[in-house]
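Chain residues, written in single-letter form:
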Amino acid sequence: MQTTPEQDIRTTTLAELGPRVRAWRARRGMTRKQLARDSGLSERFLADVESGKGNVSINSLEAAARALNISILELLQDAPRPALARLHNLLGRLDDVQLDQAHALLAGAFGMADERGRERRIALIGLRGAGKSTLGAQLAADRGVAFVELDREIERQAGTSMNEILLLHGQAGYRRYERRALLRIAEDYSEGVVMTTGGSIVSERETFDLLQSHFYCVWLKASPEEHMSRVVAQGDMRPFDTTRGATHEAMEDLRRILVSREPLYARADAVVDTAARSVKQSLRDLERAVPALDKASKDKETA
């Protein structure tokens, strides 16, 4: 049976929408089951959408976008803004030294310059299993500053668990708590702190910009296999769905998350690869990657 041009356009649109939904879900670190719960859409319907077969309405798109904490336009966009693309092409021609200079110029020109004391406040970003908590606590002890886990601070301010925050307020509500907690930590520890963050913080542009303006960010990275083995050892498989023992599917989810977030994690001030490294070796790498505390600041912190 011959299709009409309108049907061809609809088929093409659905085929393009599926990968976008999957990509945003991976960037948020959400399983299909979690997206179904937060959006009110069925898991079966979302599976059809992601495979390009769903009969999508504006209402269902709005529900999915709201659960992902993005706009419908962001969900439908298939290319960056033209001006942003031109800037990306220009920056791609620069070497590392020139990129640092460009960052400083842009930050100064558009009001994004480093906050006072930013380099004394260290934020560790990356997916779970990279060693953020272990290395962060040791780095804080070596620098004589406080060690703070952002997730725990969010729970303290909200007076409930992360899961309850998401159930009660959704992604948008959780991000509001997250931004407030970031500002509070930056204010309370103006002279120095080491903080760990949730793996998905980089997927929220406003929140990540806020983090980078107040903290010196270090991406702790590892191979997918090491991420998975460490997470399994911790006994916490969030956000991977292993209810049916689908280890292979969980690994594929992890790979998608890493691929979708890698360009975002790469915006960090420094990168420390913990793959095939002992805790002692990784800590030494991390200490070299962060700005040294000047003697006066360190004396003040340890007094």
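Rules used throughout
- Residues numbered from 1 in each chain as written.
- Predicted model: local features only at pLDDT ≥ 70, side-chain atom pairs only at ≥ 80, totals over all residues.
- Heavy atoms only, no water.
- Phe/Tyr/Trp six-rings, centres within 6.5 Å; stacked < 30°, edge-to-face > 60°.
- Helix = DSSP H or I, 4+ residues; strand = E, 2+ residues; numbered from the N terminus.
- Lys NZ or Arg CZ within 6 Å of the ring centre and 35° of its normal.
- Expected span 1.5 Å × (residues − 1).
- Bend = angle between axes of the 7 residues up to and from the residue.
- pLDDT = per-residue confidence, 0-100.
- Contact = heavy atoms within 4.5 Å.

> Break down the packing of aromatic side chains for me, citing the residues and quoting the values.
Applying the stated criterion to the full structure yields 1 aromatic pair. Ring plane angle 25 degrees and centroid distance 5.4 Å describe the contact between Trp219 and Tyr265, whose orientation is recorded as stacked. Here the residue Trp219 occupies a position in strand E4 (residues 216-221), and Tyr265 occupies one in helix H13 (residues 247-265), the gap between them amounting to 46 residues. In this arrangement the basic side chain of Arg27 is found over the ring face of Trp24, its NZ or CZ atom lying 5.2 Å from the centre. Between the NZ or CZ atom of Arg121 and the centre of the ring of Phe215, over which it lies, the distance is 5.9 Å.

> Run through helix H10 (residues 162-188), naming residues and quoting values.
For H10, spanning 27 residues, the distance from its first C-alpha to its last is only 22 Å, which falls clearly below the expected 39 Å at 1.5 Å a residue. Along its length, H10 reaches its greatest deviation from straightness, about 115 degrees, at His169.

> Quick one: what's the story with the confidence of the model for the protein, residue by residue and with numbers?
Of all residues in the protein, 78% attain a pLDDT of 70 or more, and the chain-wide mean is 81. When the elements of the protein are averaged for pLDDT, helix H15 (residues 295-302) gives the smallest value, 48, and strand E1 (residues 121-125) the largest, 97. Low pLDDT, under 50, characterises residues 1-12; the predicted model gives this stretch 4 contacts beyond four residues in sequence or across chains.

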